[in-house]
Amino acid sequence: MPSTRRFRVTLNLCRWVLLCLACGWGGSFALEINADKLQSLSASRYGAKGAKAVSNWLQLLHTPPPALEKDRLTVANDFWNRALLSGDDITIWGKDDYWATPLESLGKGAGDCEDYVIGKYFTLLSMGVPANKLRFIYVRARVGGPASSSQIAHMVLGYYDTPNAVPLVLDSLISTILPASQRRDLTPVFSFNADGVYVDGKPAAPVDRLSRWRDLLQRMEREGIRP
């Protein structure tokens, strides 16, 4: 999300969420994956290269995950940071803002910050990490380090070992997973997960009517992934 305009859109989305959402879903769920359907769609839509990328993801999901959740974070983070080239939605999809499914991102081999987060989120769910330990976090990211005056709107995935823990940050800008307290280049705006929306770390509103999220889940289900 490279522009000031996109950052204003993000803030407006935050306000819309806080004003309009009602009724959330449960805090933890697993995935049902139709591997044959995913493979068939990836081959027909994206050819051999896209099908191979999806096959690599399915192989990861079928491999017994590490025993420790923090090691699962590393596996998911490394896979998606290697699998996608960073790009913007207008270049990849011809749209100003588009949340791609894992199949779409892997098929294209490219994505923006949200697409990395989506891929990591659903990978970790498949590995058995509870959804209520994960949050999509919108941030202001200072490009060039903490002292830089250049900021972009950005999304990362946060992992909370306990509800009040300092989250670990899974990011597409850097590969190292660090506690949020060590990411002085990031300023949180708001976060959300299956339980609701959080501002300043406190629950603000549920998330089930967040339109892009709902549309993402519907497209995933049509592709063979049922959260």
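If you're wondering where the values come from, they're calculated on a predicted model, not measured in any experiment.

Participant: Is there a simple way to explain the overall build of the protein chain in this structure?
Facilitator: A tally of regular secondary structure across the protein chain gives seven helices and 11 strands. Burial analysis of the protein chain (227 residues in total) assigns 49% to the buried set. A separation threshold of at least 6 residues defines the contact pool for the protein chain, and within that pool the share at least 24 residues apart is 65%.

Participant: It is not clear to me how helix α6 (residues 113–126) should be interpreted in this structure. Could you clarify?
Facilitator: Given 3.6 residues per turn, any residue in an α-helix points the same way as the ones three and four places further on. Between its terminal C-alpha atoms α6 stretches 20 Å, which fits the 20 Å expected from 14 residues at 1.5 Å a residue. Trailing α6 by a residue or two, Gly128 shows a phi angle of about 95°, which is positive.

Participant: Honestly, the environment of Met127 in this entry has me stumped. Any pointers?
Facilitator: Looking at where Met127 falls in the secondary structure, it is placed in the loop between α6 and β4 (134–142). For Met127, a relative accessible area of 7% corresponds to the buried category. Between the alpha carbons of Met127 and Ala30 there is a distance of 8.6 Å; along the sequence they are 97 residues apart. Setting aside anything within four residues of it in sequence, one finds Met127 in contact with Leu60, Pro65, Arg72 and Val75.

Participant: Even after reading the chapter, I still don't get the pairing of strand β8 (residues 186–193), so can you show me in this structure?
Facilitator: Two faces, one strand: in a regular strand the side chains alternate between the faces of the sheet. Extensive coverage of β8 is indicated by the burial of six of its eight residues. As paired elements, β4 and β8 share six bridges and run antiparallel to each other. Within β8, the residue paired with Ile137 across the bridge is Ser191. As defined by bridge partners, β8 adjoins strand β9 (residues 196–199) across three bridges and the pair is classed as antiparallel. Bridge pairing in β9 links Phe192 to Val197.

Participant: I'm lost on the side chain of Arg219 in this one. Help?
Facilitator: In this structure, Arg219 sits in helix α7 (residues 211–223). Engagement of the side chain of Arg219 in a polar contact is seen with the backbone oxygen of Trp99, the distance being 2.6 Å. In this structure Arg219 touches Tyr98, Trp99, Ala100, Thr101 and Glu104, once residues within four positions along its chain are discounted.

Participant: Is there a simple way to think about the pattern of salt bridges in this case?
Facilitator: Pairing is possible between side chains of opposite charge, provided their charged atoms come close. What the rule picks out here adds up to 10 salt bridges. With its nearest N and O atoms 3.2 Å apart, the salt bridge here joins Arg212 to Asp97. Here Asp97 lies in the loop between α4 (89–92) and α5 (102–108) and Arg212 lies in helix α7, a separation of 115 residues in the sequence. Residue Asp215 is joined to Arg219 by a salt bridge in which the shortest nitrogen-to-oxygen separation is 2.9 Å. Of this pair, Asp215 and Arg219 both sit in helix α7, separated by four residues, roughly a single helical turn. By relative accessible area, which is 32% here, Asp215 ends up partly exposed. Given the relative accessible area of 9%, Arg219 is considered buried.

Participant: Whenever I open this one, α7 confuses me. Can you help?
Facilitator: The end-to-end C-alpha distance of α7 is 19 Å, a good match for the 18 Å that 13 residues give at a rise of 1.5 Å each. Three or more residues of α7 are buried, namely Trp213, Leu216, Leu217, Arg219, Met220 and Glu223. Take α7 and look down its axis: the buried residues cluster within an arc of 165°, on one side only. Looking at the packing, one finds that the buried side of α7 touches α2 (35–62), α5, α6, β4, β8 and β11 (225–226). Just beyond α7, the residue with positive phi is Gly224, at close to 115°.

Participant: What is the right way to look at the packing of aromatic side chains in this model?
Facilitator: Each pair of aromatic rings is reported with the distance of its centres and the angle of its planes. Tallying each qualifying case throughout the model produces 12 aromatic pairs. Both rings, one in Trp57 and one in Trp80, keep their centres 6.0 Å apart while their planes meet at 70°; by these two values the pair is edge-to-face. Taken together, the residues Trp57 in helix α2 and Trp80 in helix α3 (residues 69–83) connect sequence positions 23 residues apart. Here the two residues Trp57 and Trp80 agree in accessibility, since each one is buried. Taken together, the ring pairs connect Trp99, Tyr121, Phe122, Phe136, Phe192 and Trp213 into an aromatic cluster. When the ring centre of Trp93 is taken as reference, the NZ or CZ atom of Lys108 above it lies at 5.1 Å. Across the ring face of Tyr160, the terminal group of Arg135 is positioned such that the distance to the ring centre comes to 4.0 Å.

Rules used in this analysis
Residues numbered from 1 in each chain as written. Predicted model: local features only at pLDDT ≥ 70, side-chain atom pairs only at ≥ 80, totals over all residues. Heavy atoms only, no water. Helix = DSSP H or I, 4+ residues; strand = E, 2+ residues; numbered from the N terminus. Buried < 20%, exposed > 50% of the residue type's maximum accessible area, 1.4 Å probe, protein only. Contact = heavy atoms within 4.5 Å. Expected span 1.5 Å × (residues − 1). Pairing = 2+ DSSP bridges. Polar contact = N/O pair within 3.5 Å; in protein donor to acceptor, adjacent residues only side chain to side chain. Salt bridge = Lys/Arg side-chain N within 4 Å of Asp/Glu carboxyl O. Arc of directions from axis to C-beta. Phe/Tyr/Trp six-rings, centres within 6.5 Å; stacked < 30°, edge-to-face > 60°. Lys NZ or Arg CZ within 6 Å of the ring centre and 35° of its normal.

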